[in-house]
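# Notes for the structure review
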Amino acid sequence: MIDWKIAILVPILPALGFFIMLFFGGRMPRKGDWFATGIMGATLALSLSIFVHLFKQNSAYATILESTPWFNAAPGRPFLAGILVDNLSALMIVMISTISFLVHLFSIGYMHGDVRYHRFFTVLQLFTAAMLALVLADNFLTLYVAWEIMGLCSYLLIGHYFDKQSAANASLKAFMTTRIGDVLMFVGILIIFTQTGSFRFENVFSAVAAGTFTGNWQMWAGLLLFGGAMGKSAQFPLHIWLPDAMEGPTPVSALIHAATMVAAGVFLMARSYPMLTPEVFLVMAYVGGFTAIFAATIGIVMDDIKKVLAYSTISQLGYMMLGLGVGGFIFSGYTSGVYHLITHAFFKACLFLGSGSVIHAVHSQSMSQMGGLRRKLPITFATFIIATLALTGLPPFSGFFTKDSIIAGSIQLSGQNSAHILLPIFSVAAAALTSFYMFRLIILTFFGTPRDEAKYAHAHESPWTMALPLMILTALSIWPMGGHHDWFWFRNPVPLRSEVVSRYTPEGSILAVAHDKEQKAVFVETPQESHEHPEAASPRGLITAMKVVPIHEPEEEHAHHLAVIFSLCAFFLGLGGAYLTYSARKISAEAMARRFRPVYVLLLNKYYVDEFFQIAVIRPLMRLCGLAAWLDRWVVDGAVNATGRVTKVLSYIAGQFDRIIVDGAVNGVANSVAGVGRNLSRLQTGRVGNYLVFILAGVVFLGGFMFWMAVK
């Protein structure tokens, strides 16, 4: 029987691995690389056992929940922290541990001989532990703690080659940019706590369902949480850190900046779904849709193979946000967005590790120095092709089913409200551009003639520790059980407030709610009934205020059919454009660049977003910092220094007064007493005769004095 004690080991194992690697890894055989990889293998086994256990429940509401007091937030109010395992988090821990294990294995070959080999594996362990803790958190506070630890690990791993200035700058840029989102997210969490008195998901969602957390506060809390997600998941305009993050080692790009950490923002919004408002959903949809097409246009002109994949990642993260945003109005949106998060992790990790294999072979990231490598790297080429087909959305590969569903959701929403016509335009155009820049990458890298004979002659296939992860991730990019309303859809329906409140009950047991699989129905809330039924005030009673509505509606079927047509057309349009331009040479890329030079320069300079931030944010901020430094130096320090100088003068005067007057008086008295003592000491001659004379004189004096007194 799987219980919370097994689930808690999932983040604890890599955390324990981190501490062991930190203190003893340098003295282990091979700097502890196989030890760290073994830790991740054990973590993967535990994750799979938990996933299988929940999968066997055959329920959309299978949940393991356990919490324990952590500290007292106030007298008599202990803060509870624990773990929450549902279908979403169970699949997330499998995805994270699988990719982390394969990245560890890949890094054994890729990072061989690195001067900071031991440090690299140590930080990977900490990052994995933090990411697993994040997806298992049952409250916003522990989620935020794990969120910040991941940010630290990202900084360390991007700056792994910190002796190279560009890598040091990239790590600092990533850290500072994501801090903007993190501050927004923290403010959102504080709003949630002040309005509900709790960080726990069950309490927050209960407050929303009960109507005690609503209105502008609820909207702003959701928007601020999305601000944090924008930073971590590289949404426009906080996307600028991700392309520069490619300065880190390629395995880092695969684990953190393609599959896991950048997906944390998407997971945050999915986990917070029951508290989001229509305004938040619309912002998510439009920011995600614009980010998808914005990043895709930049990807078509990049020459660095990792930069192409970086902008592809930004674009696909935009797709996920678009799906979640549309999900606020269309049932399929939420599940398709989360589904794309899972499938994208596998094929994008495969692409990044494949690019690492190419870089390992030719020692260059520039596609203009590659060409013809399919003959030298047959395994890398085959895996890269399959992962590309998954990314560009060709059936039966995984990306087709998830991307098609997101496009269908945007089409269905625009059909209901034509004001949102931009959303399907964004999604379809981004799909076409994705197909174009990915097949451009394939042709420039693996086809044609070598453009650098020396690098081509040196190229060779990667060792098995690098090739095996590529083959496993390729297999995971082929989704034989894919399709609309497959097992994933059944187990991850849109999280309605009432259902979530009931699922996150303190009992923490498996809670099964009836689900008609034959009719593929979903639960939808009926607010009128909720108000009419007083029993709906309790978490359990909320279930009674729901009804089952068939999900197969004509407009959804129509939108799905249109999405299939548009997505396949986009695929072949991008493929054909790349083939005609870079293989058949029917279209001259150079001539097009000259003809549309302003557009080409704009794309090549990434819309000058970095320059805009430099002018509008960084320089004013630096001037503000300079002003603050001037004020600190001349006003604050000036006042302190002036006070110090005045104090010094006063101290000198006081010292002189003390030395001359006070000490003078004391010393004068002392000197007088000493003088008297010296004069009296002359009377001490040591001669008995002198003493008798003094005695006699004294007796005479006393006798005379007494006689005088008597006469008087």
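Our subject in this report is the structure included herewith. Source: prediction; values computed, not measured. (Residues numbered from 1 in each chain as written. Predicted model: local features only at pLDDT ≥ 70, side-chain atom pairs only at ≥ 80, totals over all residues. Heavy atoms only, no water.)

## Remarks on the pattern of salt bridges
The tally for this structure, following the rule as stated, stands at 11 salt bridges. Here Arg200 ties to Asp138 by a salt bridge, and the two come within 2.6 Å at their closest N and O atoms. Placement of Arg200 in the loop between helix H6 (165–196) and helix H7 (201–210) and of Asp138 in the loop between helix H4 (117–136) and helix H5 (140–158) is noted, with a sequence separation of 62 residues between them. Assessed through its relative accessible area of 6%, Arg200 is described here as buried. By relative accessible area, which is 3% here, Asp138 ends up buried. (Salt bridge = Lys/Arg side-chain N within 4 Å of Asp/Glu carboxyl O. Helix = DSSP H or I, 4+ residues; strand = E, 2+ residues; numbered from the N terminus. Buried < 20%, exposed > 50% of the residue type's maximum accessible area, 1.4 Å probe, protein only.)

## A closer look at the packing of aromatic side chains
We describe a pair of aromatic rings using the distance from one ring centre to the other and the angle between the two ring planes. Evaluation of the coordinates by the stated rule reveals 28 aromatic pairs. On the numbers, 6.3 Å between centres and 75° between planes, the contact of Phe290 with Phe426 is edge-to-face. Of this pair, Phe290 sits in helix H12 (residues 278–299) while Phe426 sits in helix H17 (residues 422–446), and the two are 136 residues apart along the sequence. Ring centres of Phe439 and Phe571 lie 5.7 Å apart, and the angle between their planes is 80°; on these two criteria the pair is classed as edge-to-face. Of this pair, Phe439 sits in helix H17 while Phe571 sits in helix H23 (residues 554–582), and the two are 132 residues apart along the sequence. Relative accessible area serves as the criterion here: at 8%, Phe439 is assigned to the buried category. Of the aromatic side chains, those joined through ring pairs into one cluster are Phe236, Phe290, Phe294, Phe426 and Tyr607. The positively charged end of Arg179 is found above the aromatic ring belonging to Phe175, 4.3 Å away from the centroid. One Lys or Arg, Lys376, reaches over the ring of Tyr456 and ends 4.5 Å from the middle of that ring. (Phe/Tyr/Trp six-rings, centres within 6.5 Å; stacked < 30°, edge-to-face > 60°. Lys NZ or Arg CZ within 6 Å of the ring centre and 35° of its normal.)

Geometric descriptors of this kind do not, in isolation, establish any biological role.
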